[in-house]
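Commentary on secondary and tertiary structure
This is what each chain is made of:
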Amino acid sequence: MKKIIILLSVLSLGCKTQNNMVQPTGLVANAAMVVSAREEASKIGVEIMRRGGNAFDAMVATELALAVAYPFAGNIGGGGFMVYRKANGEIGSLDYREKAPLAATKDMFLDENGNVIKGKSTESPLAIGIPGTVAGVFAVHEKLGSLPIEEILKPVIELAERGVVVTKKQENRLNDYRDKIIKVNGDKTLFATAFKENDIIKYPALAATLKRISKNGRDEFYKGETAKILVNYLQEKGAIITLEDLDKYEAKWRTPLIFDYKDLKVISMAPPSSGGICLAQIFKMAEPFDLAKMGHNSTEAIQVIVEAERRAYADRSYFLGDPDFVKTPLKELTSDDYLKQRMSNFSFEKATLSSEMKEGKVMYNESTETTHYSIVDQFGNAVSSTTTLNDGYGSKYYCDELGFFLNNEMDDFSSKPGEPNLFGLVGNEANSIAPQKRMLSSMTPTIVEKNGKLFMVVGSPGGSTIITSVLQTILNVYEYSLSMQDAVNAPRFHHQWLPDLITFEPNTFDTTTFETLKSKGYLINEKTNPVIGKVDAILVLPNKKLEGGADFRGDDKAVGF
């Protein structure tokens, strides 16, 4: 009898581990959910699904609602990436990343001596890449949507006309960026107004633009009246984007990057996003170590993750770029033998210095201000999408006649090999500027399966910190048995090869951890990054319900039914 009781106890423990029976702490929904940077956008996405729409209809609605409710990063003047998994297990991904204009040149941000001209790739009209968002949502709708586009856009247009309530965080952001916005757009521009918390900002120009797009489709943005107004505005400001640039733009369906971590199957974005490949490398380098036994955010676990990150980001710098322009050795970079060799000089006793860490030997045969949303519908389809203008409010160029900001995504190219971009990421020849080329990104929209079933939808903004935020959130649930919301709330840290610093969220880690790491030669930064990522994620619970993890670091909100 005693043997049977012990056996049953072991079995129940096994089931508990397997099913991750953790009390949810975030919003729980029975059927469908959207988690995004603003409640207004999440509500509109859910409203579309309540009307019988699927996750892809909700993706279109949420993406465009973020352009209204969250102009800091939500956009129709930028671009992004989407990874999806249909209820039948079919997967895919869409690249609607911005492109370099036809008149772009490799040395366009350098002076006559070949040095980078400070600010030219971030704050000048030459910083603007060809926007891909409108092409992206229409590509998704055409292939996977179910409701008419007019029905999907109707609540988004109504939101723009009705207006959006300013939150405290939004008031602070607008205050921080107002002078820069006025500098390039003049003091009559919409955002020259000093908006305060609880004010309502109405967007009549954006509503009119969206109405034309609703009526005339994607071509309205790339060939129609909107295209002509946009190009006139850009050329007046000194940009090099032409009607031909807009006309030639296409979103591109790509094969997702897939890898296993223990009994998880991770589906993420392939280049020109570096997200999936870096995520795969870090997970695979960390896999031989028992992170769960080491403990959540323990010194040992931090060392393993940091050293894996250091090596992955060094490879990112050297090898990765637009696969339509450069050969990217994805298979070689994720091979077990290669990654084992990469970690062979890791020691728990002493930090590996980034100055001594170059890219690996492979044989050939990145904003802080991005936004992510996760969607699961009542049919079992899942969407993970990350979209961006690059910097906060992008290039700060705001076309008042059309009602939206333009990106400064050209900074994500390597202006010069070895020179850091806005996020301190160092690039190389593979990511150099060329006409019609897509710039490398850190965006990491990700879907995770467990035992062949949908397990998690996850992603984050945060420039170079996106990859590490997604990584830690998945580990927090899988290795450390945290609920989805607690996994998102947990303190985060980041390393990206150069600069050679571990960045910690301030006031979240104890000094003993820092002292131990410093004694092993690690350099610590606890000051400059108040936020590392803003994760929005959905976990499928053992009872098939959904738990949302909406990041408290922003105004993010989970909504479901």
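Calculation rules
- Sequence order as written defines the numbering, with residues in each chain counted from 1.
- Thresholds applied to this predicted model are a pLDDT of at least 70 for local features of residues and 80 or more for the giving and counting of side-chain atom pairs; totals over whole chains, interfaces and linings are not thresholded and use all residues.
- Only hydrogens and water are removed before side-chain values are computed, so all heavy atoms of the structure are retained for them.
- UniProt positions are given in the numbering used here, feature names are shortened, and annotations may be inferred rather than shown by experiment.
- Domain borders in the structure are assigned automatically or taken from a domain database.
- Whether two residues are in contact is decided by their heavy atoms, any of which lying within 4.5 Å being enough.
- Values labelled buried area give the accessible surface lost by two parts on being combined, using a 1.4 Å probe and summing over both.
- The rule for a salt bridge is simple: a side-chain nitrogen of Lys or Arg has to be within 4 Å of a carboxyl oxygen of Asp or Glu.
- Pairing of N or O atoms within 3.5 Å defines a polar contact, subject to two protein rules: one partner must be a possible hydrogen donor and the other a possible acceptor, and residues neighboring in sequence count only if both atoms are side-chain atoms.
- A run of H or I in DSSP counts as a helix once it spans at least four residues, and a run of E counts as a strand once it spans at least two, with each numbered from the N terminus.
- Residues are grouped as follows: Ala, Val, Leu, Ile, Met, Phe, Trp, Tyr, Cys and Pro are nonpolar; Asp, Glu, Lys and Arg are charged; all remaining types, including Gly, are polar.
- Paired strands are those between which DSSP finds at least two bridges.
- Where helices are involved, their axes are fitted lines through C-alpha atoms of the stretch in contact, as for all axes, and angles between N-to-C directions lie from 0 to 180°.
- Type-normalised accessible area, obtained with a 1.4 Å probe on protein chains alone, sets the label of each residue: buried when under 20%, exposed when over 50%, and partly exposed for intermediate values.
- To pair, rings of Phe, Tyr and Trp, with the six-membered ring standing in for Trp, must have centres within 6.5 Å; the planes then decide the type, stacked if under 30 degrees apart, edge-to-face if over 60, and tilted in the middle.
- The rule for a charge over a ring is simple: NZ of Lys or CZ of Arg within 6 Å of the ring centre, and within 35 degrees of the ring normal.

Per an unreviewed UniProt entry, the chain is named Glutathione hydrolase proenzyme, and its organism is Flavobacterium caseinilyticum. Of the comments in the UniProt record for the chain, the one headed Sequence similarities (unreviewed entry) reads "Belongs to the gamma-glutamyltransferase family." Taken verbatim from the UniProt record of the chain, the Pathway (unreviewed entry) comment is "Sulfur metabolism; glutathione metabolism."

1. Details of the domain arrangement of the chain
You can read the domains of the chain as domain 1 (27–253 + 374–413) and domain 2 (255–366 + 444–554). Domain 1 and domain 2 are separated by 27 Å when their C-alpha centres are compared. Contact with domain 1, which involves 34 residues of that partner, is made by 37 residues of domain 2. Summing both sides of the interface, domain 1 and domain 2 together bury roughly 2,600 Å²; the carbon and sulfur share of this comes to 65%. Seen at the junction of domain 1 and domain 2, the total is two salt bridges. A salt bridge links Arg-85 to Glu-449; the nearest nitrogen and oxygen atoms lie 2.7 Å apart. Connecting domain 1 to domain 2 are 13 residue pairs in polar contact (both at pLDDT 80 or more). Elements with a contribution of two residues or more to the side of domain 1 that touches domain 2: strand 1 (28–29), strand 2 (33–36), strand 3 (79–85), strand 4 (91–96), strand 10 (370–376) and strand 11 (382–388). Taken together, the residues of the side of domain 1 that touches domain 2 sort by class into 19 nonpolar, ten polar and five charged.

2. Concerning the sheet that holds strand 2
In space, the seven strands of this open sheet follow the order 7-4-3-11-10-2-21, with antiparallel pairing throughout. Of all strands in the sheet, those bounded by a partner on one side alone are strand 7 (252–254) and strand 21 (557–560). If you compare each strand with its neighbour and ignore which way they point, the axes differ by 15° on average. In terms of strand pairing, strand 3 meets strand 11 through seven bridges, oriented antiparallel. Within strand 11, the residue paired with Met-82 across the bridge is Ser-385. Packing of helix 3 (residues 55–69) onto the sheet brings it into contact with strand 2, strand 3, strand 4, strand 10 and strand 11, and relative to strand 10 it is tilted by some 155°.

3. Remarks on the pattern of salt bridges
Side chains bearing opposite charge may pair, as long as their charged atoms lie close to each other. This model, assessed by the stated rule, comprises 33 salt bridges. Close ionic contact of Lys-106 with Glu-429 constitutes a salt bridge, the shortest N to O distance being 2.5 Å. Judged by its relative accessible area of 39%, Lys-106 is partly exposed. For Lys-211, the salt bridge goes to Glu-161, with nearest N and O atoms at 2.6 Å. Of the two residues, Lys-211 sits in helix 8 (residues 204–216) while Glu-161 sits in helix 6 (residues 149–162), which places them 50 residues apart along the sequence. Residue classification places Lys-211 among the partly exposed positions, given a relative accessible area of 43%. The exposure class of Glu-161 is partly exposed, given its relative accessible area of 39%.

4. Focus on the packing of aromatic side chains
Enumeration over the complete set of coordinates arrives at 27 aromatic pairs. For the pair Phe-191 and Tyr-203, a centre-to-centre distance of 6.3 Å together with 40° between the ring planes defines the contact as tilted. Taken together, the residues span a long stretch of sequence, with Phe-191 in the loop between helix 7 (168–185) and strand 6 (200–201) and Tyr-203 in the loop between strand 6 and helix 8 at a distance of twelve residues. Between Phe-191 and Tyr-393, the ring centres sit 6.3 Å apart and the planes meet at 45°, which makes this aromatic pair tilted. Accessibility assignment for this pair places Phe-191 and Tyr-393 in one class, buried. Here a set of aromatic residues connected by ring pairs shows up, and it is made of Tyr-70, Phe-72, Tyr-177, Phe-191, Phe-195, Tyr-203, Tyr-393, Tyr-398 and Phe-405. Directly above the ring of Trp-253 sits Lys-143, whose terminal nitrogen or CZ lies 4.2 Å from the centroid.

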